[in-house]
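Observations on the model geometry
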Amino acid sequence: MSLTRILTTIHPWAGSWEGAWHWYWNTPIGALGGLTAATLVARGESDHVEHYLAHLSDGGYA
């Protein structure tokens, strides 16, 4: 999943592009070991972020 796709997915939930950027860089994702999306993408694990966001989109819990 690309950065653009992640931000586009997050934007409606975050309420703004600034909020989406903040989430991407600063919000630890408990379900993914407390790492941020930025860290996971940098590690080459963007597929984990993609699956997590798809889970949320389908009504799953964070």
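Notes on the structure follow. (Residues numbered from 1 in each chain as written. Predicted model: local features only at pLDDT ≥ 70, side-chain atom pairs only at ≥ 80, totals over all residues. Heavy atoms only, no water.)

1. Observations concerning the side chain of Thr36
Looking at the element boundaries, Thr36 is found in the loop between helix H2 (17-26) and helix H3 (37-42). A polar contact is formed between the side chain of Thr36 and the side chain of Thr39, at a distance of 3.0 Å. Those residues within four positions of Thr36 in sequence are excluded, and the remaining contacts are Tyr24, Trp25, Asn26, Thr27, Pro28 and Ile29. (Helix = DSSP H or I, 4+ residues; strand = E, 2+ residues; numbered from the N terminus. Polar contact = N/O pair within 3.5 Å; in protein donor to acceptor, adjacent residues only side chain to side chain. Contact = heavy atoms within 4.5 Å.)

2. Focus: the nonpolar core
A general feature of soluble globular proteins is that nonpolar side chains tend to end up buried together. One finds Ile6, Trp23, Tyr24 and Leu53 to be the most contacted residues of the largest nonpolar core, which totals 14 residues. Going through the elements one at a time, helix H1 (3-14), H2, H3 and helix H4 (46-57) are the ones with two or more residues in this core. (Core = buried A, V, L, I, M, F, W, Y, C linked by side-chain atoms within 4.5 Å. Buried < 20%, exposed > 50% of the residue type's maximum accessible area, 1.4 Å probe, protein only.)

3. A short note on H4
Between the first and last C-alpha of H4 there are 16 Å, a value that for 12 residues agrees with the 16 Å anticipated at 1.5 Å per step. Among the residues making up H4, those that are buried are Ser46, Val49, Tyr52 and Leu53. All buried residues of H4 lie within an arc of 120° about the axis, which places them on one face of the element. Check the buried side of H4 and you find it contacts H1, H2 and H3. Gly59 lies just past H4 and shows a positive phi near 95°. (Expected span 1.5 Å × (residues − 1). Arc of directions from axis to C-beta.)

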